[in-house]
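Spelled out from the first residue to the last, the chains are:
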Amino acid sequence: MVSDQLYISLHLFLPVLILLDYYERMIIFLVVISLFFLTRVDGTPSYWVYGCQPGNVSSALRFCDYKLSVVDRVDNLLSLLTLDEKLGILGADKNYDDITCEMIDHGVKRLGIPHYMNLVETNSAVASACIEDGKCATNFPSPAAFASSFNRSLWLKKGQIMSDEMRALNNYNWYRGTNDGSGAEHISKLGLTGYGPNINLMRDPRWGRNSEVPSEDPILSGEYGSHMVKGMQEGSDPNYIKVISGLKHFMAYSVEEHRETFIPNITTFDLWDTYLMQYKIGFAKEATMEGYMGGNAHGVMSSYSGMNGVPACSNEFIITDVLRGAWERDDVVVATDCGAISNSINYQGYATSDQDAAAKALNAGTDLDLGDDYFQTRENGGNGGDAC
């Protein structure tokens, strides 16, 4: 079912992928990210990403020929991938069970395409191990402290500093911080896809994650988020995205206890006035009609919860009708929170089987399964699965 045509806008870089359908975008996203994130900001190789490097099998293939157009390179790459290889980059490689939430994919060894770790937390710091004592990523004060300054230039600067450090750690071949004796730290290398800022709302002072979010006000939260995202994504060269910034958790996530089962009933007024406004600002490519600066975020992590009986990772109204439709953001890559698809079966009762859960999430518009492998079998995600 998966065709081999991809249309990509060169001036927006990855992952601004405008495909014939959503399923194609999610299948090629992780492979293409390995192709494009092969150089540092200054143009020298990022040494841990071995694709397209001299001596690697991929270096002789057309998708590594930088003289060709991006469309030609991606078309060639897609033509070389088998269905199983495409499915293998939609979720976590279960050989690394202890760190599946970081979503290290399978890579494509025969083509010299490395594993890629999708999830780098970027809310108050770039989640990474310290290089040595005293040489760690900057840890910023709580988002509420930043937001209460009402200083937009400060929010922008936070994003700029974090993306500088994320690029540096990526170039340094550094890892997220997992070192449990399994050897996984050698593969959990920091990529350039960061999830943060968290712009959920403070709805109750007892919520255990109030320290992660900026405010109880959707406008302030949206402004904070949009400035931080712009600081992260916009570098010195307007032709390239510095890092990809993903907002979280989309949407209505303000309960931590029993979060696996909680799906609130939300009125239409509360939905648009409270729970979506900050994301509208964060995703807007330009100033919103209300006059707020758009963040143009290129990624998002869905919430564990949802609304009105439908989990967020399977919510076609929120992902397809609102994000991709009303807000015209086909180019945003939607990832689940860790294990959210499993929750839709085991806790929320929304899906009846693995195949049903995968189909509902894929058809709703979810692109990446962080923390699991529900998309990776032919029965669930390939030909023969309901999602196709």
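For the structure, check the block above.
Note that the structure is predicted; figures quoted are calculated from it, not measured.

What counts and what doesn't
- Here the residue index of a chain counts from 1 through its sequence in written order.
- At least 70 in pLDDT is required for a residue's local features to be given in this predicted model, at least 80 for side-chain atom pairs to be given and counted, and no such filter applies to totals for whole chains, interfaces and linings, which use all residues.
- Neither water nor hydrogens contribute to the side-chain values; these are computed over all heavy atoms in the structure.
- Only DSSP runs of H or I with at least four residues qualify as helices, and only runs of E with at least two residues qualify as strands; both kinds are numbered from the N terminus onward.
- Exposed residues in this analysis have more than 50% of their type's maximum accessible area, buried residues have under 20%, and partly exposed residues fall in between, with area computed by a 1.4 Å probe over protein chains only.
- Criterion for a disulfide: a pair of cysteine sulfur atoms at a distance within 2.5 Å.
- Aromatic rings from Phe, Tyr and Trp, with only the six-membered ring used for Trp, were paired whenever their centres fell within 6.5 Å, and each pair was classed as stacked if the ring planes differed by under 30 degrees, edge-to-face if by over 60, and tilted otherwise.
- A ring has a charge above it when a Lys NZ or an Arg CZ is no more than 6 Å from the ring centre and no more than 35 degrees off the ring normal.
- In the sections that follow, a salt bridge refers to a side-chain nitrogen of Lys or Arg positioned within 4 Å of a carboxyl oxygen of Asp or Glu.
- What makes two residues a contact is simply this: any of their non-hydrogen atoms within 4.5 Å.
- Where helices are involved, their axes are fitted lines through C-alpha atoms of the stretch in contact, as for all axes, and angles between N-to-C directions lie from 0 to 180°.
- Under this scheme an angle from 65 to 115 degrees is roughly perpendicular, one under 35 degrees roughly parallel, and one over 145 degrees roughly antiparallel; angles in between are oblique.
- Definitions for this section: a left-handed crossing has its near helix turned counterclockwise from the far helix by less than a right angle. A right-handed crossing has that turn clockwise.
- For this scheme, ten residues count as nonpolar: Ala, Val, Leu, Ile, Met, Phe, Trp, Tyr, Cys and Pro. Four count as charged, namely Asp, Glu, Lys and Arg, and the remainder, Gly too, count as polar.
- Note on pairing: DSSP must find at least two bridges between two strands before they are called paired.

### A word on unusual backbone geometry
Excluding glycine, a negative phi dihedral is what most residues carry, and trans is how most peptide bonds are arranged.
Thought 1: Cis geometry is found at the peptide bond from Gly196 to Pro197, where omega equals 15 degrees.
Thought 2: Structurally, the position occupied by Pro197 is in strand E4 (residues 193-198).
Thought 3: Phe250 connects to Met251 through a cis peptide bond whose omega is 0 degrees.
Thought 4: Looking at the secondary structure, you find Met251 in the loop between strand E5 (244-250) and helix H7 (268-275).
Thought 5: Look at Phe150: it is not a glycine, yet its phi comes out positive at around 50 degrees.
Thought 6: Along the chain, Phe150 turns up in the loop between helix H4 (143-147) and helix H5 (152-171).
Thought 7: Overall, Phe150 belongs to the exposed group, its relative accessible area being 56%.
Thought 8: Non-glycine residue Ala252 carries a positive phi angle of around 55 degrees.
Thought 9: Looking at where Ala252 falls in the secondary structure, it is placed in the loop between E5 and H7.

### A word on the state of the cysteines
Thought 1: By the definition in use, this model includes 3 disulfides.
Thought 2: In this model Cys130 forms its disulfide with Cys136; the gap between the sulfur atoms is 1.9 Å. Of note, the bridge from Cys130 to Cys136 carries an S-S torsion of about 105 degrees and is right-handed in sense.
Thought 3: With relative accessibility at 41%, the residue Cys136 sits in the partly exposed group.
Thought 4: In the protein, numbering the disulfide-bonded cysteines from first to last in sequence yields the connectivity 1-2, 3-6, 4-5.

### Considering helix H9 (residues 316-326)
Thought 1: Taken together, the buried positions of H9 are Ile318, Ile319, Thr320, Val322, Leu323 and Arg324.
Thought 2: Glu328 occupies a position one or two residues after H9 and carries a positive phi of about 55 degrees.

### Thoughts on the packing of aromatic side chains
Thought 1: As enumerated under the stated definition, the model contains 10 aromatic pairs in all.
Thought 2: Both rings, one in Tyr172 and one in Trp174, keep their centres 5.7 Å apart while their planes meet at 45 degrees; by these two values the pair is tilted.
Thought 3: The rings of Phe250, Tyr279, Phe283 and Trp327 are connected pair by pair, giving a single aromatic cluster.
Thought 4: One residue, Lys158, lies across the ring of Phe146, its end atom 5.1 Å from the ring centre.

### Focus on the pattern of salt bridges
Thought 1: Across all of its chains, the model carries 16 salt bridges by this definition.
Thought 2: Across the pair Lys135 and Glu132 runs a salt bridge, and its minimum N-O distance is 4.0 Å.
Thought 3: Notably, a salt bridge pairs Lys285 with Asp331, separated by 3.6 Å at the nearest N-O pair. With a gap of 46 residues between them, Lys285 in the loop between helix H8 (277-283) and strand E6 (299-302) and Asp331 in the loop between H9 and strand E9 (333-335) connect regions that are remote in the sequence.
Thought 4: Judged by its relative accessible area of 4%, Asp331 falls in the buried class.
Thought 5: A cluster of three or more residues bridged by salt bridges with shared partners is formed by Arg209, Glu212, Glu256 and Arg259.

### A few points about the environment of Ala361
Thought 1: Secondary-structure assignment places Ala361 in helix H11 (residues 354-364).
Thought 2: Remark: the alpha-carbon pair of Ala361 and Ser314, spanning 47 residues in sequence, is separated by 4.2 Å.
Thought 3: The residues contacting Ala361, other than those within four sequence positions of it, are Cys313, Ser314, Ile341, Thr366 and Phe375.

### Quick notes on the packing of H5 against helix H6 (residues 218-233)
Thought 1: At a minimum axis distance of 6 Å, the contact between H5 and H6 shows a crossing angle of 40 degrees. The orientation of H5 with respect to H6, classified from their angle, is oblique. Relative to H6, H5 is oriented so that their crossing is right-handed. Residues Arg152, Trp155, Leu156, Lys158, Gly159, Gln160, Met162 and Ser163 of H5 touch H6, and the partners they reach there are Leu220, Glu223, Tyr224, His227, Met228, Lys230, Gly231 and Met232.
Thought 2: Counted by class, the contact of H5 with H6 contains 7 nonpolar, 5 polar and 4 charged residues.

### As for the sheet that holds E4
Thought 1: If you trace the 5 strands from one edge of the open sheet to the other, you get E3-E4-E5-E6-E9, paired in parallel fashion. Edge positions in the sheet fall to strand E3 (120-121) and E9, since each of these pairs with one other strand and no more.
Thought 2: Judged from the 4 bridges that link them, E5 and E6 form a sheet pairing that is parallel. The residue of E6 that forms the bridge with Phe250 is Ser302.
Thought 3: Where H6 meets the sheet, it contacts E4 and E5, and its direction lies at approximately 160 degrees from that of E4.
Thought 4: Running at roughly 155 degrees to E9, H9 makes contact with E5, E6 and E9 of the sheet.

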